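Observations on the three-dimensional arrangement
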Amino acid sequence: GQSLEQPSEVTAVEGAIVQINCTYQTSGFYGLSWYQQHDGGAPTFLSYNALDGLEETGRFSSFLSRSDSYGYLLLQELQMKDSASYFCAVRAQTGANNLFFGTGTRLTVIP
Amino acid sequence: ETGVTQSPTHLIKTRGQQVTLRCSSQSGHNTVSWYQQALGQGPQFIFQYYREEENGRGNFPPRFSGLQFPNYSSELNVNALELDDSALYLCASSRNTGGGETQYFGPGTRLLVL
């Protein structure tokens, strides 16, 4: 079986930094992705880690440790528009790039 | 905007009916995946189509079926609708099935089964 664990809710202040953790248990592992979803919207891709280490894209960074089955998404200089749900997702099988999603973390940014 | 379109945007059906949802993939993409997202949950993988063939299936019963056409657009069909089928149905396209290939999601079809 497969499972991903994320905190259900996080609240942070505008301008601050927030880290959303994700731990996973999968029978296979071929990479960890992060998606953002605003209420009523579609998931949008943020980042992908196939190898250990940190990937940085603007205000967002993502980290992976395969030995610990752990990753995180780091959001810096938080803006009100960052209020959304954030999902970690694992590609768990070879030959297909379908994703297994966690239950999501709802981030609320407050002034 | 990802270039992935879905129709219809909303749909109301009654239990036992059948429904067909449609997805047009982004230009240049040959792979389409379908996901079901219940309220407050993450998307759950239904199946994936690659070059008109099913290329993987999640834990969904056979009454969930699909097609991919030569232009790589796709349909999701659900027979014998149940109340629990009420959800947001998302399709996602990618250039191919490679692990590093990003999946781009459409806006979804919100299905309500009464």
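Once a new chain begins, its residue numbering starts again from 1 and follows that chain's sequence as written. Just so you know, chain letters begin at A and ligand numbers begin at 1, following the order they were written in. Two thresholds apply to this predicted model, a pLDDT of at least 70 for residue-level local features and 80 or more for giving and counting side-chain atom pairs, whereas whole-chain, interface and lining totals are computed over all residues. The basis for every side-chain value is the complete set of heavy atoms in the structure, and neither hydrogens nor water enter the calculation.

1. Points about the overall build of chain A
In DSSP terms, a helix is any run of H or I states spanning at least four residues, a strand is any run of E spanning at least two, and both are numbered starting from the N terminus. If you tally the helices and strands in chain A, you get 0 helices and 11 strands. Its helices and strands taken in sequence order, chain A reads β-β-β-β-β-β-β-β-β-β-β from the N to the C terminus. With the radius of gyration taken over C-alpha atoms, the globule rule is written as 2.2 Å times the number of residues to the power 0.38. Here chain A has a C-alpha radius of gyration of 13 Å; the compact-globule value for 111 residues is 13 Å, and the two agree. Seen through its principal axes, chain A has C-alpha atoms that stretch 45 × 30 × 20 Å. In chain A, which comprises 111 residues, the share counted as buried stands at 47%. Expressed as a percentage of contacts within chain A between residues at least 6 apart in sequence, the contacts between residues at least 24 apart total 56%. With an accessible surface of roughly 5200 Å², chain A has 48% of that area assigned to carbon and sulfur atoms. The charge count includes Lys and Arg as positive and Asp and Glu as negative, but it does not include His or the ends of the chains. Think of each charge as sitting on NZ of Lys, CZ of Arg, CG of Asp or CD of Glu. For chain A, the centre of its 5 positive side-chain charges and the centre of its 10 negative side-chain charges are spaced 7 Å apart. Burial classes: relative accessible area under 20% of the type maximum marks a residue as buried, over 50% as exposed, and values in between as partly exposed (1.4 Å probe, protein chains only). Any two residues whose heavy atoms approach within 4.5 Å are treated as being in contact. The method behind every accessible area is Shrake-Rupley, applied with a 1.4 Å probe, and residues are considered shielded solely by the protein chains displayed.

2. Focus: the overall build of chain B
From N to C terminus, chain B includes 0 helices and 11 strands. Walking chain B from its N terminus toward its C terminus, one meets helices and strands in the order β-β-β-β-β-β-β-β-β-β-β. Relative to the compact-globule value of 13 Å for 114 residues, chain B shows a C-alpha radius of gyration of 13 Å, a close match. With the C-alpha coordinates of chain B rotated into their principal frame, the extents come out at 40 × 30 × 25 Å. The proportion of buried residues among the 114 residues of chain B is 49%.

3. Digging into the pairing of strand S6 (residues 53-57) of chain A
Residue and element names in this part refer to chain A. Of the strand pairs in this sheet, S6 and strand S7 (residues 60-65) are connected by 5 bridges, and their pairing is antiparallel. The residue bridging leucine 54 from the neighbouring strand is phenylalanine 63, located in S7. One requirement defines pairing of two strands: DSSP has to find at least two bridges between them. The antiparallel pairing of S6 with S7 creates a hairpin that spans 2 residues between the two strands, and glycine 58 there sits at a positive phi of about 65 degrees.

4. Some points on the environment of glycine 56 of chain B
Along the chain, glycine 56 of chain B falls in strand S6 (residues 53-57). Counting along the chain gives 51 residues from glycine 56 of chain B to threonine 5 of chain B, while the straight-line C-alpha distance between them is 22 Å.

5. Some thoughts on the confidence of the model for chain A
Residue-level confidence of the predictor is summarised by pLDDT, bounded by 0 at the bottom and 100 at the top. Confidence in the prediction for chain A averages 93 pLDDT; 98% of positions are at 70 or higher. Per-element mean pLDDT across chain A ranges from 91 in strand S10 (residues 99-101) of chain A up to 98 in strand S11 (residues 105-110) of chain A.

6. So, the sheet that holds strand S8 (residues 70-75) of chain A
Residue and element names in this part refer to chain A. Spatially, the 5 strands line up as an open sheet ordered S1-S3-S8-S7-S6, and their pairing is antiparallel. The open sheet has two edge strands, strand S1 (3-5) and S6, and neither has a second partner. With strand direction ignored, the average angle separating the axes of adjacent strands in the sheet is 15 degrees. As paired strands, S1 and strand S3 (residues 18-25) are joined by 3 bridges and run antiparallel to one another. Bridge pairing in S3 places glutamate 5 opposite threonine 23. Interaxial angles span 0 to 180 degrees and are taken between N-to-C directions of axes, which are lines fitted to C-alpha atoms, for helices over the stretch in contact.

7. Re the interface of chain B and chain A
Contact with chain B, which involves 24 residues of that partner, is made by 16 residues of chain A. When chain B packs against chain A, close to 1500 Å² is buried across both sides, 52% of that on carbon and sulfur atoms. For the purposes of these results, a polar contact is taken to be a pair of N or O atoms within 3.5 Å, where, inside protein, one atom must be able to donate a hydrogen and its partner to accept one; residues adjacent in sequence count only when each atom of the pair is a side-chain atom. Summed over the shared surface of chain B and chain A, the result is 3 residue pairs in polar contact (both at pLDDT 80 or more). Residues of the side of chain B that touches chain A, tallied by class, amount to 7 nonpolar, 16 polar and 1 charged. Each of two parts loses accessible area, computed with a 1.4 Å probe, when they are put together; buried area is these two losses added. Think of it as three bins: nonpolar holds Ala, Val, Leu, Ile, Met, Phe, Trp, Tyr, Cys and Pro, charged holds Asp, Glu, Lys and Arg, and polar takes everything else, Gly as well.

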